[in-house]
Amino acid sequence: VMSSSSSSALEMEIFQYIDAHQSDFIKGLKEWVAVESDSVQPHLRREVMRMMALAADRLATLGASVNLVNLGSHQLPDGQVLPLPPVLLGELGKDPQNPTVCFYGHVDVQPAKKEDGWDTEPYTLTEINGVHLLIRNLYGRGATDNKGPVLAWINAVETFRALKIAMPVNFKFVIEGMEEAGSLGLEKLLEEEKQSFFSGVDYIVISDNLWLSNKKPALTYGSRGNACFSVEGGSKDLHSGTFGGIIHEPLLDLIALLDSLVDSTGRIQIPGIYDSVAALREEERKLYESIEFDLEEHRNNCGVKKFLYGTKEEILLHLWRYPSLSIHGIEGAFHEPGIKTVIPAKVIGKFSIRQVPHMDLSVVKKQVVEYLEGVFSKRNSPNKLKVSMPLGAKPWLADVDDLLYKAARRAIKTVFGEDPDFIRDGSTIPVARMFQTVTQKSVVMLPIGAADDGEHSQNEKISRHNYIEGTKLFAAFFLEISKLH
C-alpha cells in the first residue's frame, strides 16, 4: 500500500497525462460514435457487429486477451432471423496479489435520425459550446449511453500503460451489443461463465446511467423493477351508426379499466400493492436531505409545468423507492389523422408498474389481475377480458456502506473535490441485478454523465468536462480499489 503523499503524486502524474491527451480521447470517441450500432433496427445489425469488432481491437491494443463469444441468433416477430452480436469477454492482468475488477458496458445505441429533431448529425460527434461558456458539449448518439463511459474506462487503463505504471488491479471486461434491445443472451452467458470467467472477480462496476444533477457527481445504489401488462378485449370492428348506443364497446371497457388504475395524485388504486414496500429507515431518509436536486432544473430537463409533489424529498421518494404505474398506449384504436366512425373491436391497453424492494412480481401480477377482473365484472360487459404480464424485471439495491462504495466515494472526492450524492434510479437497470444475482459479487454503479445528457433522446451529449474528468475518476478508482487489499 502506498503512502498518501506518493499516492497523490501518482494521481497528479496520471491526471496530467489525461489532460494532455484529451484530444486523442475525443478522437477515439468520434470514431466510435461514427458507427451506427443501433441494435433495435434489423438493417443496422451489421453495424453492431462492426462495433463489437472495433471494441475488441481496442482492448487487444491495450494488451488484453479478448474472446468474442458467439450467442447464435434470434427470431423477430415478423419471422426474420438475425445473428446476435457476440459478447466481448476481455482480461488484462493476472497478478494474484491484486484485486480483480470487472467492468460492464455496452456499445450498441438507440435509433437516431437527424430528422427526428437533432441539431447535428447524430453519428458525427460534434463539439459545441454549452449554455455556460466553460462547458463544451460533445453531441452524438452513444456519447453518454454508453460509448463515452466505456471509452473513459479504457482510456484510464491505457493511461497506466502509457506511463508504465504497474496496474493497481486486474481488469476484466464484459461488453455487449444488445443492451438497448433487452440484452438477449447475456444472462445465460453470465450463468455459463460463473465458475470460469467470473471465478476470480472481486468487484463489478457498471457506468451506464446518469447523475441526478447537471453538476454534482453521484453514486447509484438502487433501481426500480418493471412489470409490463397488457389488457385485451373485443373481437371485430363495427360501424358506430349501426351499432353505437346498443352494444358494450370494447374501447369504453378498456378506458374504464385503465382509468381505474391510478388516481389524480398518482397513487395506485390496486389493493395491497403498497403492502410489501420496504419501510423508510431514518438513515436512508437522511441520505435524501443532502442530495443536490434542483426542482426547477429537473422540470426544465423534462419540459413539464409542475410535478405531483412540491418538495425535493417527496419527489425523490416517489421516483426511487415507491412503486409507480404508467399507461403507455392502446393498440387497435384508430389513431390516424381525420375521423373514422368505427367502433374498434380488439383493443389492447398497455401499462407498467415500476416495482421496488420487497415487492414480489408474482404477487403484483395476481393483485393486478384480480383488481381488473373485479372492475370489469361491475360493468356487466359481455366482452372478453384477458390480462397478461409479458415482461417482468426485478428491482436492485446495493449496500452504500460496502467497501466498494467507500472506494468510489473517495475517488469522486479526489477528482471532483466533493462528496457524491447517493442516488437511486427510478428506471430499471436489469444488468445490475443480473450481475449481482449471478456472480454474488459487490456491484457498484458509477455514472459519469450529467442529468441533462439526454440519453435516448435527440441531441444526446456528454460534456468534454465529464468525459475527461470521468476518465480521471476511473483511474483514481483503480488506485482506491487496490488499497482495499
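- As annotated in an unreviewed UniProt entry, the chain is CNDP1 dipeptidase from Loxia curvirostra.

1. A look at the nonpolar core
What tends to happen in soluble globular proteins is that the nonpolar side chains get buried as a cluster.
Okay, so step 1: Within the largest apolar cluster, 103 residues are counted, with the highest numbers of intra-cluster contacts made by Trp153, Val174, Phe435, Tyr467 and Phe477.
Okay, so step 2: Tallying contributions element by element places helix H14 (residues 464-483) first for this core, with 10 residues.
Okay, so step 3: In this structure Val174 touches Val87, Leu88, Leu89, Cys102, Phe103, Tyr104, Gly105, Leu186, Phe197, Phe198 and Phe435, once residues within four positions along its chain are discounted.
Okay, so step 4: By size, the runner-up hydrophobic cluster in this structure holds 28 residues, among which are Leu257, Leu258, Leu261 and Phe351.

2. Quick notes on the UniProt feature "binding site: Mn(2+) 1" (unreviewed entry) in the chain
Okay, so step 1: Those places that UniProt annotates as "binding site: Mn(2+) 1" (unreviewed entry) correspond, in this numbering, to Asp145, Glu180 and His456. Spanning 312 residues, the named residues nonetheless gather at one spot, since no C-alpha pair among them exceeds 9.7 Å.
Okay, so step 2: Mapping Asp145 onto the fold places it in the loop between strand S7 (136-139) and helix H4 (147-162).
Okay, so step 3: Once residues lying within four places of it in the same chain are set aside, the contact partners of Asp145 are His106, Asp108, Val109, Glu180, Asp208, Glu455, His456 and Glu460.
Okay, so step 4: Of the polar contacts made by the side chain of Asp145, one reaches the side chain of His106; its length is 3.0 Å.
Okay, so step 5: Inspection of the secondary structure puts His456 in the loop between strand S19 (442-445) and strand S20 (461-463).
Okay, so step 6: Excluding residues within four positions of it along the chain, His456 makes contact with Gln110, Arg141, Asp145 and Glu180.
Okay, so step 7: Reaching out from His456, the side chain makes a polar contact with the side chain of Asp145 at a distance of 3.1 Å.

3. Here we look at the sheet that holds strand S13 (residues 324-331)
Okay, so step 1: Ordered by their spatial adjacency, 4 strands build an open sheet running S13-S15-S11-S16, and the pairing between neighbours is antiparallel. In this open sheet, the two strands that pair with only one neighbour each are S13 and strand S16 (386-393). Within this sheet the neighbouring strands show an average axis-to-axis angle of 20°, counted without direction.
Okay, so step 2: Alignment of S13 against strand S15 (residues 347-354), held across 7 bridges, turns out to be antiparallel. For Ser324, the partnering residue across the bridge sits in S15 and is Arg354.
Okay, so step 3: Along the sheet face, helix H7 (residues 250-259) touches strand S11 (226-233), S13 and S15 and points at about 10° away from the line of S15.
Okay, so step 4: Those strands touched by helix H11 (residues 361-377) are S11, S15 and S16, and its axis lies near 155° from that of S16.

4. Points about the pairing of strand S4 (residues 87-92)
Okay, so step 1: Taken across its 6 residues, S4 has 5 buried, putting it largely inside the fold.
Okay, so step 2: Relative to S4, strand S1 (residues 65-69) is paired through 5 bridges, and the arrangement is antiparallel. The residue bridging Val66 from the neighbouring strand is Gly90, located in S4.
Okay, so step 3: The pairing of S4 with strand S8 (residues 170-176) spans 5 bridges and is antiparallel. When the bridges of S8 are listed, Leu89 appears paired with Val174.

5. So, the layout of surface pockets
Okay, so step 1: Of the voids in this model, the second largest pocket is the one considered here, and its volume is about 380 Å³.
Okay, so step 2: What lines the second largest pocket is a set of 19 residues, among which Tyr221, Arg281, Glu284, Leu287 and Val400 lie closest to the centre.
Okay, so step 3: Listed by contribution, the elements that provide at least two residues to the lining of the second largest pocket are helix H8 (282-289), helix H12 (403-416) and strand S18 (421-425).
Okay, so step 4: Among the elements that make up the lining of the second largest pocket, the one with the highest residue count is H8 (3 residues).
Okay, so step 5: Looking at the lining of the second largest pocket residue by residue, the classes come out as 9 nonpolar, 1 polar and 9 charged.

6. Points about the domain arrangement of the chain
Okay, so step 1: Assigned domains of the chain: these are domain 1 (3-223 + 395-482) and domain 2 (225-277 + 322-393).
Okay, so step 2: The straight-line distance from the C-alpha centre of domain 1 to that of domain 2 is 38 Å.
Okay, so step 3: Contacts between domain 1 and domain 2 engage 7 residues on the former and 7 residues on the latter.
Okay, so step 4: At the boundary of domain 1 with domain 2, total buried surface from both sides reaches about 540 Å², with 63% on carbon and sulfur atoms.
Okay, so step 5: Joining domain 1 to domain 2, the criterion identifies 0 salt bridges.
Okay, so step 6: Between the two partners, domain 1 and domain 2, sit 2 residue pairs in polar contact (both at pLDDT 80 or more).
Okay, so step 7: Among the residues making up the side of domain 1 that touches domain 2, the classes are represented as 2 nonpolar, 4 polar and 1 charged.

7. Observations concerning the pattern of salt bridges
Okay, so step 1: The final tally for this structure, using the stated rule, is 28 salt bridges.
Okay, so step 2: Glu91 is the salt-bridge partner of Lys94, the closest N and O atoms lying 3.9 Å from each other.
Okay, so step 3: For Lys94, a relative accessible area of 67% translates into the label exposed.
Okay, so step 4: Residues Glu284 and Arg424 are paired through a salt bridge, measuring 2.8 Å at the closest nitrogen-oxygen approach. With Glu284 in helix H8 and Arg424 in strand S18, this residue pair connects regions lying 140 residues apart in the sequence.
Okay, so step 5: A residue is classified by how much of its surface remains accessible, and Glu284, at 7% relative accessible area, is buried.
Okay, so step 6: What you see here is one network of salt bridges that share partners, running through Asp19, Glu469 and Lys472.

8. Quick look at the UniProt feature "domain: Peptidase M20 dimerisation" (unreviewed entry) in the chain
Okay, so step 1: Taking the numbering used here, the UniProt-annotated feature "domain: Peptidase M20 dimerisation" (unreviewed entry) corresponds to residues 221-375.
Okay, so step 2: Taken as a whole, residues 221-375 contains 35% helix and 20% strand, while its terminal C-alpha atoms sit 38 Å from one another.

The rules behind each value
- Residues numbered from 1 in each chain as written.
- Predicted model: local features only at pLDDT ≥ 70, side-chain atom pairs only at ≥ 80, totals over all residues.
- Heavy atoms only, no water.
- Core = buried A, V, L, I, M, F, W, Y, C linked by side-chain atoms within 4.5 Å.
- Buried < 20%, exposed > 50% of the residue type's maximum accessible area, 1.4 Å probe, protein only.
- Helix = DSSP H or I, 4+ residues; strand = E, 2+ residues; numbered from the N terminus.
- Contact = heavy atoms within 4.5 Å.
- UniProt positions renumbered as here; feature names shortened; annotations may be inferred.
- Polar contact = N/O pair within 3.5 Å; in protein donor to acceptor, adjacent residues only side chain to side chain.
- Pairing = 2+ DSSP bridges.
- Axes fitted to C-alpha atoms, helices over the stretch in contact; angles between N-to-C directions.
- 1 Å grid on protein atoms, 1.4 Å probe; cavity = no way out; pocket = protein on both sides within 12 Å on 5 of 7 lines; lining within 4 Å.
- Points joined across faces, edges and corners; volume = space filled by probe spheres on them.
- Nonpolar A, V, L, I, M, F, W, Y, C, P; charged D, E, K, R; others polar.
- Domains from an automatic or database assignment.
- Buried area = accessible area lost by both parts, 1.4 Å probe.
- Salt bridge = Lys/Arg side-chain N within 4 Å of Asp/Glu carboxyl O.

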